[in-house]
Amino acid sequence: MTKDGIRIYEQSDFAGMHAAGALAAQILDEMQERVVPGATTEELDDYITRRVEEAGAKSATIGYRGYQHASCISVNHVVCHGIPGPKVLKDGDILNIDVTVIVDGWFGDTSRMYVAGKLSRKAQRLIEVTHDALMLGIEAVKPGNTFGDIGAAIQQYVESHRMSVVRDFCGHGLGRVFHAPPNVLHYGKPGTGAVLEEGMLFTIEPMVNLGRPETKVLSDDWTAVTRDKSLSAQFEHSIGVTAEGSEIFTLSPGGLFDAAAKG
């Protein structure tokens, strides 16, 4: 069933989303000790590729529009879609690792922030604000609210800390597909956009810049960076709308989702 072009899933479908989300979150937990100065983003991606295979799952990104990696790894001023490669992490680098797995046809999509070595105070502030903005966006999810309520909660919080929300990328519907309606904007006005209904499945994944919100895509046609070279951070959960609010499918098994935010 669809509403406003948005598929409505059954409560029984949530189990499949929890299984896919749990695997993606477990793999990200395991990255915590592997993100260290001297590691390459390619080595991190190789580990993720291996873990997905060992779990009997599939990577949603390998082969997606020609992409050849099991993760996107976005370092410092890279906003999103950073391609793993020979880049060596330096002390103080911050990075987002984004993983999407397919388990029994269900898609689990999540990302979080890490730091290699010692975290600078300004980077920690950025990461804290981004994490808290995501959680405020999730708090706005309940039947009868709108997608504009989610975006407004995120935008107001971020801008109150004199940071900016990236406008060029957004969250998305998912379930048995990787990307589907709706587009979940991380900015907006309360009471606008489609009305949330029980059974909707989507990601919320705000990208927050220390500087201005503008981005540009590099010549590889994937990597998006901040135009002003300011640091950027992102957190992402996959969620489902319930009768009372929402369920998060991608909770960290080890409670590590906000580890970088804690410094």
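Residues numbered from 1 in each chain as written. Predicted model: local features only at pLDDT ≥ 70, side-chain atom pairs only at ≥ 80, totals over all residues. Heavy atoms only, no water.

Caption draft 1: Inspection of the packing of helix α1 (residues 14-31) against helix α2 (residues 41-54) at higher detail. Between α1 and α2, whose axes approach to 11 Å, the crossing angle comes to 145°. The hand of the α1/α2 crossing is right-handed. The residues of α2 that touch α1, namely those facing Gln26, Ile27, Glu30 and Met31, are Leu44, Tyr47, Ile48, Arg51 and Val52. Here the residues of the contact of α1 with α2 are counted per class, giving six nonpolar, one polar and two charged. (Axes fitted to C-alpha atoms, helices over the stretch in contact; angles between N-to-C directions. Helix = DSSP H or I, 4+ residues; strand = E, 2+ residues; numbered from the N terminus. Left-handed = near helix turned anticlockwise from the far one by under 90°. Contact = heavy atoms within 4.5 Å. Nonpolar A, V, L, I, M, F, W, Y, C, P; charged D, E, K, R; others polar.)

Caption draft 2: Quick peek at unusual backbone geometry. Of the consecutive residues Pro181 and Pro182, the connecting peptide bond is found in the cis state with omega at 10°. Notably, Arg65 is not glycine yet its phi reads approximately 50°, a positive angle. Looking at where Arg65 falls in the secondary structure, it is placed in the loop between β3 (58-59) and β4 (71-75). For Asn76, which is not a glycine, the phi torsion comes out positive at approximately 60°. Residue position: Asn76 is located in the loop between β4 and β5 (78-80). The exposure class of Asn76 is buried, given its relative accessible area of 18%. (Buried < 20%, exposed > 50% of the residue type's maximum accessible area, 1.4 Å probe, protein only.)

Caption draft 3: A look at the nonpolar core. Ile94, Ile127, Ile150, Phe202 and Ile204 are the most contacted members of the largest nonpolar core, which has 36 residues in total. Per element, the largest residue contribution to this core is seven residues, and it comes from helix α3 (residues 121-139). Excluding anything up to four places from it in sequence, Ile127 contacts Ile94, Met113, Leu119, Ala233, Phe235, Ala260 and Ala261. Within the second largest apolar cluster, 35 residues are counted, among which are Tyr9, Val52, Ile73 and Val99. (Core = buried A, V, L, I, M, F, W, Y, C linked by side-chain atoms within 4.5 Å.)

Caption draft 4: Region of interest: the packing of aromatic side chains. Here the structure, examined in full by the defined rule, presents seven aromatic pairs. Ring centres of Phe107 and Phe178 lie 5.8 Å apart, and the angle between their planes is 20°; this geometry places the pair in the stacked category. Residue Phe107 is located in strand β7 (residues 106-115), and its partner Phe178 is located in the loop between β9 (171-173) and β10 (180-184); the two are separated by 71 residues in the primary sequence. Residue classification places Phe107 among the buried residues on the basis of a relative accessible area of 9%. What makes Phe178 buried here is its relative accessible area of 11%. With a centroid separation of 5.2 Å and an interplanar angle of 55°, the aromatic rings of Phe235 and Phe257 are classed as tilted. Of the two residues, Phe235 sits in the loop between β15 (232-234) and β16 (237-241) while Phe257 sits in the segment after β17 (246-248), which places them 22 residues apart along the sequence. Assigned by exposure class, Phe235 and Phe257 land together as buried. (Phe/Tyr/Trp six-rings, centres within 6.5 Å; stacked < 30°, edge-to-face > 60°.)

Caption draft 5: The arrangement of the environment of Val195 in detail. Inspection of the secondary structure puts Val195 in the loop between β10 and β11 (201-204). Accessibility expressed as a relative area gives 38% for Val195, which makes it partly exposed. Considering only alpha carbons, one finds Val195 and Gln11, 184 residues apart in sequence, at a separation of 18 Å. Not counting the four nearest positions on each side in its chain, Val195 is found in contact with Gly144, Asn145, Thr146 and Met200.

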